[in-house]
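# Examination of the molecular architecture
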Amino acid sequence: MKILTANRLTDGEAVWFSTDGNWAETIDVAATVYDKAGEARLEAIGKAAYDNNEVVDVNLIDVSVVDGAIHPLRLREVIRAAGPTNRLDLGKQARPAAGAA
Amino acid sequence: MYRYDEFDHDFVKARVAEFSDQVERRLAGEITEDQFRPLRLMNGVYLQLHAYMLRIAVPYGTMNSKQMRMLSHIARKYDKGYGHFTTRQNIQFNWPALSDIPAILADLASVEMHAIQTSGNCIRNVTADHFAGAAADEAADPRPYAEILRQWSSVHPEFSYLPRKFKIAVTGAERDRAAIQTHDIGLHLKKNETGELGFAVYIGGGQGRTPMVAKKIRDFLPEEHLLSYTTAILRVYNLYGRRDNKYKARIKILVHETGVDEIVRQVEAEWQALKDGELKLPEADVAAIQSYFAPPALKPRPEGDEVIKLARLDSRSFGEWLDQNVFTHCNPDYAAVTISLKGIGEVPGDATDSQMEAVADIAEQYGFDEIRVSHEQNLILPHVARADLKAVYDALVAIELATANSNLISDIIACPGLDYCALANARSIPVAQEISRRFASLERQRDIGELKLKISGCINACGHHHVGHIGILGVEKKGAELYQVTLGGSADEHTSVGEIIGRGFGPEEITDAIETIVETYLQIRLDRSEKFLDAYRRVGPAPFKEALYASEAKAA
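Residues numbered from 1 in each chain as written. Chains lettered and ligands numbered in written order. Predicted model: local features only at pLDDT ≥ 70, side-chain atom pairs only at ≥ 80, totals over all residues. Heavy atoms only, no water.

### Details of the packing of helix α11 (residues 316–325) of chain B against helix α13 (residues 389–398) of chain B
All names here are of chain B. Formally: Here, axes are lines fitted to C-alpha atoms. For helices the fit covers the stretch in contact, and angles between N-to-C directions go from 0 to 180 degrees. Numbering goes from the N terminus for both helices and strands, where a helix is a DSSP run of H or I of at least four residues and a strand is a run of E of at least two. Here the word oblique covers every angle except those under 35 degrees (roughly parallel), over 145 (roughly antiparallel) and from 65 to 115 (roughly perpendicular). Whether two residues touch is decided by their heavy atoms; if any such pair falls within 4.5 Å, the residues are in contact. Three classes are used: nonpolar for Ala, Val, Leu, Ile, Met, Phe, Trp, Tyr, Cys and Pro, charged for Asp, Glu, Lys and Arg, and polar for all others, with Gly counted as polar.
Relative orientation of the contacting elements α11 and α13 amounts to 105°, with a least axis distance of 11 Å. Between α11 and α13, the angle falls in the class roughly perpendicular. Together, Ser-317, Phe-318, Trp-321 and Leu-322 of α11 and Leu-389, Lys-390, Val-392, Tyr-393 and Leu-396 of α13 make up the contact between the two elements. For the contact of α11 with α13, the per-class residue count stands at seven nonpolar, one polar and one charged.

### Describing empty space enclosed by the protein
Residue and element names in this part refer to chain B. Our working rule: Only protein atoms enter the 1 Å grid used here, on which a cavity is any set of points holding a 1.4 Å probe that cannot leave and a pocket is any open set flanked by protein within 12 Å on both sides along at least five of seven lines; residues with an atom within 4 Å of a point are listed as lining. Grid points are joined across faces, edges and corners, and a volume is the space filled by probe spheres set on the points.
According to the stated counting rule, one finds seven cavities of 30 Å³ or more in the structure shown. Around the largest cavity, the lining comprises 14 residues; the ones closest to its centre are Tyr-4, Pro-59, Thr-62, Gln-67 and Glu-112. Elements with a contribution of two residues or more to the lining of the largest cavity: β3 (62–64) and α5 (143–153). Per-class residue counts for the lining of the largest cavity are eight nonpolar, three polar and three charged. Put simply, the second largest cavity is a space of about 140 Å³. If you go around the second largest cavity, the residues you meet are Ala-57, His-114, Ile-116, Gln-117, Ile-123, Arg-124, Asn-125, Val-126, Arg-150, Ser-153 and Ser-154. Here the lining of the second largest cavity is built from residues that sort into four nonpolar, five polar and two charged.

### As for helix α3 (residues 65–77) of chain B
All names here are of chain B. Spelled out, the test is: The length a helix should cover is 1.5 Å for every residue beyond the first. Burial here depends on accessible area, computed with a 1.4 Å probe over protein chains only, as a share of the maximum for the residue type. Under 20% is buried, over 50% is exposed, and the range in between is partly exposed. Residues adjacent in sequence count toward polar contacts only when both atoms are side-chain atoms; beyond that, a polar contact is any pair of N or O atoms within 3.5 Å, and within protein one must be able to donate a hydrogen and the other to accept it.
Between the first and last C-alpha of α3 there are 18 Å, a value that for 13 residues agrees with the 18 Å anticipated at 1.5 Å per step. Turning to α3, its buried residues number three or more, namely Ser-65, Gln-67, Met-68, Met-70, Leu-71, Ser-72, Ile-74 and Ala-75. Between a side-chain oxygen at the N-terminus of α3 and the backbone nitrogen of Lys-66 the separation is 3.2 Å; the capping residue is Asn-64.

### Regarding the interface of chain B and chain A
The criterion, for reference: The working definition used for a salt bridge is a side-chain nitrogen of Lys or Arg within 4 Å of a carboxyl oxygen of Asp or Glu.
On the side of chain A, 24 residues touch chain B, which itself brings 32 residues to the contact. Across the pair Arg-74 of chain A and Glu-476 of chain B runs a salt bridge whose closest N-O atoms are separated by 2.9 Å. Inspection of the region where chain B meets chain A yields twelve residue pairs in polar contact (both at pLDDT 80 or more). Of all elements in the fold, only α1 (6–27), α2 (33–42) and α14 (429–438) of chain B reach the threshold of two or more residues within the side of chain B that touches chain A.

### Let's talk about helix α6 (residues 226–240) of chain B
All names here are of chain B. The end-to-end C-alpha separation of α6 is 21 Å, in line with the 21 Å expected for 15 residues at 1.5 Å each. Among the 15 residues of α6, twelve are classified as buried, and the element is accordingly described as predominantly covered. Within the span of α6, buried status applies to Leu-226, Leu-227, Ser-228, Tyr-229, Thr-230, Thr-231, Ala-232, Ile-233, Leu-234, Val-236, Tyr-237 and Asn-238.

### Concerning the side chain of Thr-231 of chain B
Looking at the secondary structure, you find Thr-231 of chain B in helix α6. When neighbours within four sequence positions are excluded, Thr-231 of chain B is seen to be in contact with Trp-152, Phe-159, Leu-274 and Leu-279 of chain B.

### A word on the pairing of strand β4 (residues 82–85) of chain B
When a strand is regular, its side chains alternate between the sheet's two faces. Residues and elements named next belong to chain B. Heads up, the condition is: A strand pair is defined by DSSP finding two or more bridges across the two strands.
Alternating positions in β4 separate into two faces, Tyr-82 and His-84 on one and Gly-83 and Phe-85 on the other, with burial throughout. Where β4 and strand β13 (residues 350–352) come together, three bridges link them in antiparallel fashion. When the sheet's bridge partners are listed, His-84 is paired in β13 with Asp-350. As paired strands, β4 and strand β5 (residues 91–93) are joined by two bridges and run antiparallel to one another. By the bridge assignment for β5, Phe-85 is matched with Ile-91.

Pasting the structure below:
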């Protein structure tokens, strides 16, 4: 299972392509794909957004869904989605909604 | 301290205007990321995991209180209230928006700072002994020569597109505190038997995936030839350094593959054509730059001994700080102070905006307005009257920067690692924090004695793990973090690359492994005077391997 991620051009914020067709600032609403066709669709969306100067460093990443929540498989992506593990007051994890079910 | 001349002001101002325009065009979509990436890198802007990162140059690690206050201002206004001091004596901000960077650079330019050549395949910030101009043991202040190299290398047309980045370090003392033998060029400023200044020249040192100790190619190069000889080295490298493989592109590989004798022959041949030309340093120019680095007027303060004696009786912790973090100054009434950015459990090299502001105040009041960044990620006040040490200590206690651990096991160098860095494979900071907490007892740390522990989160070795007495390298194995341990590295005048001790350790095992290594050392040392590195060099890896892995071997 994969999702599409990037960093927003203007401020570098980590973003994920969401089910509503926008780039979201949190991973929980990322659009998941399960097959090659889905991956190709996301890749095309990423390329278009990159070409359109909305985002940079576009990547498809592996995730799993546990109890409805998206979990990246690589630690790198877990940290991008949450923030530095040594500073829980920084990054996405510091947002008021973070951690809510 | 060096002050900008008219040329410097105009040059930095022009660069800020140029890069501001490039950022504007990028944000407007007029230039692509592929076009913009090399431009932003030339101005110190990286893209990391969570945001952009801006690396600001602190030439040879020297700054004044005004500059430190500006860094504090940037941390507060544009970032998240802190900055990270690096092993290149620079500072990095981890969260700036690209759209704010022109304003940040304009603010920096107002205090004679910039981010030029803090990235890219050019000559990077020239580093120097952090006690330069203050240390009792130096032949001469190396910073004027670092400044000459800075001026010469700034947007040098011939050396702005080298095969790979190029790092130069200068020391003025026999005791190498600038790690010169781990650099592309290392310069040891010294005097010959007739009292003339010159350099021992080392080339081809480096860390990364292929660590190499630099080779000495000249025992004494007269100072006037600094630029002509450096140019000759760079020319040979620029011509023959590999451009087909970035992992083999540093000068260390060229030196290794070509052989030192042949490289020396090529450099000397190139130098013969250059040495009496326009690069020969005019005495008057050297003197002019030296005058910028003239030591402050240090008034006699003979009351220091008495003040310290009384303060020691009053405060044991002050005495411990004095023993550990205060360094001998060339003027007996004065001292150089290490401000540890390694509080127990803290992030190595991080300082908050208010700490930076307070350090600026202390430097202004007690330190002749001078602050240094050390490559070991601490701050230094190079000139403090011994009579003022207690006042400085009290001011540092108030901002929680008075940890008395300079050169002890918790004085750890650590790269940002996977918590921030896009290149990292494993985290460094939490490992450093846990080791620091495990060895929190200052009494225990002092019993262990000098021990340089260095951690990198990938093989690029920004955390200098190869030259740690104990080095830790984080790797990714089967999707998980794994930490390899090296022992016996050193970055001083007897530089050595550490040896891998055996299989790596998981994140939950690594602190125990470090403790086992330290306990083994305590058992085998001849007495307290035998430091960790000396004991390792005497006995080799065997007892450490035995302690770490014997139970596994038996189980197998």
